[in-house]
Amino acid sequence: MLLFSVISCNDKKEKVTKKEIGLITKQAMVVSARVEASKIGTAILKKGGNAFDAMFATEMALAVAYPFAGNLGGGGFMVYRKNDGEIGALDYREKAPLAATRDMYLDDDGNIIKGKSTIGAMGIGIPGTVAGVFEAHRKFGSLRVQEILEPVIALAKRGVVVTAKQEKRLNNYRPLFDKVNKDSITFTHKWKENDTIKYPALAETLIQIQKNGKDEFYKGEIAKTLVKFIQDNGGIMTLEDLEKYEAKWRTPITFNYDGLRIISMSPPSSGGVCLAQIMNAIEPFELDKFGHNSTKAIQVITEAERRAYADRSHFLGDPDFVTIPQKELISKSYSNKRMSDFSFDKATSSADVSYGNVEIIESDETTHYSIIDQFGNAVSVTTTLNGAYGSKLYSSELGFFFNNEMDDFSSKPGEPNMFGLIGAKANEIAPEKRMLSSMTPTIVEKDGKLFMVVGTPGGSTIITSVLQTILNVHEFKMNMQAAVNAPRFHHQWLPDVVKMEPNSFDKETITELTSLGYTIDETTSRIIGKVSAILVLPNGTLEGGADKRGDDTADGF
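Basis of the calculations
- Residues numbered from 1 in each chain as written.
- Predicted model: local features only at pLDDT ≥ 70, side-chain atom pairs only at ≥ 80, totals over all residues.
- Heavy atoms only, no water.
- Salt bridge = Lys/Arg side-chain N within 4 Å of Asp/Glu carboxyl O.
- Buried < 20%, exposed > 50% of the residue type's maximum accessible area, 1.4 Å probe, protein only.
- Helix = DSSP H or I, 4+ residues; strand = E, 2+ residues; numbered from the N terminus.
- Pairing = 2+ DSSP bridges.
- Axes fitted to C-alpha atoms, helices over the stretch in contact; angles between N-to-C directions.
- UniProt positions renumbered as here; feature names shortened; annotations may be inferred.
- Phe/Tyr/Trp six-rings, centres within 6.5 Å; stacked < 30°, edge-to-face > 60°.
- Lys NZ or Arg CZ within 6 Å of the ring centre and 35° of its normal.
- Core = buried A, V, L, I, M, F, W, Y, C linked by side-chain atoms within 4.5 Å.
- Contact = heavy atoms within 4.5 Å.
- Expected span 1.5 Å × (residues − 1).
- Polar contact = N/O pair within 3.5 Å; in protein donor to acceptor, adjacent residues only side chain to side chain.
- Domains from an automatic or database assignment.
- Buried area = accessible area lost by both parts, 1.4 Å probe.
- pLDDT = per-residue confidence, 0-100.
- Parallel < 35°, antiparallel > 145°, perpendicular 65-115°, else oblique.
- Left-handed = near helix turned anticlockwise from the far one by under 90°.
- Nonpolar A, V, L, I, M, F, W, Y, C, P; charged D, E, K, R; others polar.

(A) Local environment of the pattern of salt bridges. Evaluated as defined, the whole model comprises 33 salt bridges. Here Arg93 ties to Glu94 by a salt bridge, and the two come within 3.5 Å at their closest N and O atoms. Residue classification places Glu94 among the buried positions, given a relative accessible area of 0%. A salt bridge links Glu522 to Lys507, with the shortest nitrogen-to-oxygen separation between them at 3.6 Å. Taken as a pair, Glu522 in the loop between strand S20 (520-521) and strand S21 (532-536) and Lys507 in helix H17 (residues 507-515) lie far apart in primary sequence, 15 residues in all.

Take a look at the structure:
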């Protein structure tokens, strides 16, 4: 299964390793951020469950095994494709509390109060994860919820082994845990690699949800405990906020690219719209002839990203609150118009790129999982607490962290959020509004058949990581694992820099880009995504792509 090993790159030869082949399975596969979650998802499939049953199990298992981003106290998005070709999307993004106001994070002088939207109870949006998994299961699930949650509860009681990467993360964030929480919590202990962390409180919470269903979380004793805890810590969430929360079915963004059909998440995620804009803009260019990560390929992709992210900041928000010119934004004619001033001779300055002429933000610490079941159904799911361990506020009684998703609103139009994304009026705070996201769970069809399931964490880099993974397979003929492992780069309009994974790109290419006016940043401040993806091979078997940048693992049969 070795593919070609040399790609032409602007008259130079770039060596690209193609030996990285992921797990191959015949019938079904789950790829997620932790081996425990992937194995539980697979076990549900082996019991005869479908992709939606496995989604429920995997999501809940990530809440146990990967508290960095897996959650009960956050939210997410799912894109699905059933074996009969039916597609759809589920939005279980968090919402602003009823008591939220537009200027709630500004002082009397109109300046942003540092940390108010990111640390502690005031940053918490109404959690959607529990509503999301129950709604997906209500519509498509086949196994009983009690059966699905059994292995997850057992995992919480048994405990999860700390990995080297997890030890590093916990050490990094321990001072914030101490700062935010009134009492010591499980995670303030100095855990080391190979230690086992048990989660008895989370197990009990899951048992109550197992017994009483979704209403336990949104109306029952858990809801009362949750609201009291948040209010005791200075937050504004109420029982009414929880009772009113509902996951929403959305129509996914669909578009064609060079013979592929891309199915991705619609607003309030910016993912699908931005992905469509970028791919429409680059489609006329012969990327495969330019070569993988060549100067010309990077130029084209960067300039398309620059223009799409400029539009993102202006037009996109919660479609229940703002009118989005979606049809025009994702049209090929609009993207061609936006690229009309692009030149290979020099970089466009972001100062010269505003949002397009049309009538009328967010976290690195997310997690993604991809599932294909033995029946041919596929789900692509991205879920998050926003920042690492969310608001850092942890309920020892309930056993989970809460999100700091309110930071994904524009606290003040024109000011960047914690990830440098500039917001505008479309994404300003309002009660019950969903905040804009970059999450981009995506499914790709080829010749009318399921071809790829892909997604990643990475905040503003999510869209560009999904983009490059798809291009690596389609344009540069990589297998899935090689496509996931390949070095990635990112541009988001502002700041006007091309972010590159350190020590991964040809030095001559970087020199050429610099001479053309691009500012290159190779510092290690951000990992550009941790992709979990599945490729359907020509013979119908499945190849998993589990990102080496994390503890991601593929499992299946």
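(B) Seen up close, the sheet that holds strand S4 (residues 29-32). If you walk across this open sheet you meet the seven strands as S9-S6-S5-S13-S12-S4-S23, and the pairing is antiparallel. Where the open sheet ends on each side, the last strands, each with one partner, are strand S9 (248-250) and strand S23 (553-556). For this sheet, the mean angle separating the axes of adjacent strands, direction not counted, is 15 degrees. Two strands pair when backbone bridges link them, and strand S5 (residues 75-81) and strand S6 (residues 87-92) are joined in this way by six bridges, in the antiparallel orientation.

(C) Geometry of the UniProt feature "binding site: L-glutamate" (unreviewed entry) in the protein chain. Taking the UniProt record as the reference, the feature "binding site: L-glutamate" (unreviewed entry) is found at Arg93, Thr384, Leu385, Asn386, Asp408, Ser437, Ser438 and Gly459. Relative to the assigned elements, Asp408 resides in the loop between strand S15 (400-401) and strand S16 (442-446). By relative accessible area, which is 0% here, Asp408 ends up buried. Here Gly459 is to be found in the loop between strand S17 (449-454) and helix H15 (462-474).

(D) A look at the packing of aromatic side chains. All told, the structure shown has 29 aromatic pairs when counted by the stated rule. Pairing Phe285 with Phe342 gives two aromatic rings, centres 5.7 Å apart and planes at 85 degrees, and the pair type is edge-to-face. Of this pair, Phe285 sits in the loop between helix H10 (271-282) and helix H11 (287-290) while Phe342 sits in the loop between helix H14 (332-338) and strand S12 (366-372), and the two are 57 residues apart along the sequence. Classification of Phe285 by relative accessible area gives partly exposed; the value is 21%. An aromatic cluster is defined as three or more aromatic residues linked by ring pairs; in this entry it consists of Tyr66, Phe68, Tyr173, Phe177, Phe187, Tyr199, Tyr389, Tyr394 and Phe401. Note that Arg169 overlies the ring of Phe68, its terminal NZ or CZ placed 4.6 Å from the centroid. The positively charged end of Lys296 is found above the aromatic ring belonging to Phe344, 5.0 Å away from the centroid.

(E) Just the nonpolar core, in detail. With 86 residues, the main nonpolar core has Met279, Ile282, Leu287 and Met500 as its most contacted residues. It is helix H12 (residues 295-315) that contributes the most residues to this core, nine residues altogether. Those residues within four positions of Leu287 in sequence are excluded, and the remaining contacts are Tyr257, Ile282, Ala297, Val300, Ile301, Leu471, Glu475 and Phe476. Core analysis: the next-biggest nonpolar cluster, separate from the first, contains 85 residues, Phe140, Trp191, Val379 and Leu398 among them.

(F) Region of the structure containing H12. Relative to the 30 Å expected for 21 residues at 1.5 Å per residue, H12 spans 30 Å between its end C-alpha atoms, a close match to the ideal helical length. Among the 21 residues in H12, 19 count as buried, and that is most of the element.

(G) Quick look at the UniProt feature "active site" (unreviewed entry) in the protein chain. Per the UniProt record, "active site" (unreviewed entry) is found at Thr366. Residue Thr366 is classed as buried on the basis of its relative accessible area of 1%. Those residues in contact with Thr366 that sit more than four places away from it in its chain are Ala69, Thr382, Thr383, Thr384, Met439 and Pro457. Within polar-contact distance, the side chain of Thr366 engages the side chain of Thr384 at 3.0 Å.

(H) Representation of the domain arrangement of the protein chain. Split into domains, the protein chain comes out as domain 1 (38-76 + 90-246 + 384-409) and domain 2 (250-362 + 440-556). Using C-alpha coordinates to define each centre, domain 1 is positioned 29 Å away from domain 2. In this complex, domain 1 contributes 12 residues to the contact, which on the side of domain 2 involves 13 residues. The junction of domain 1 with domain 2 conceals about 1,100 Å² of combined surface from both sides, 42% of it contributed by carbon and sulfur atoms. Considering only the surface of domain 1 that becomes buried against domain 2, Asp91, Lys165 and Asp408 emerge as the three largest contributors, covering 40% of it. Linking domain 1 to domain 2 there are two salt bridges.

(I) Region of the structure containing the confidence of the model for the protein chain. Put simply, the protein chain has an average pLDDT of 93, and 93% of its residues get 70 or more. Predicted confidence is poor over residues 1-17, with pLDDT under 50, and the contacts of this stretch with residues over four places away or in other chains come to 47 contacts.

(J) Summary view of the packing of helix H1 (residues 35-46) against helix H4 (residues 145-158). Where H1 meets H4, the axes come as close as 10 Å, and the angle between the chain directions of the two elements is 150 degrees. Of the possible angle classes, the one that applies to H1 and H4 is roughly antiparallel. Of the two elements, H1 crosses H4, and the hand of that crossing is right-handed. Every residue of H4 that contacts H1 at Glu36, Ile40 and Ile44 is listed here: Glu147, Ile148, Pro151, Val152 and Leu155. Partitioning the contact of H1 with H4 into residue classes produces six nonpolar, no polar and two charged.

(K) Representation of the environment of Val145. For Val145, the location among the structural elements is in helix H4. For the pair Val145 and Ile209, spaced 64 residues apart in the sequence, the C-alpha separation amounts to 9.2 Å. Excluding its chain neighbours within four sequence positions, the residues that come into contact with Val145 are Phe56, Phe134 and His137.

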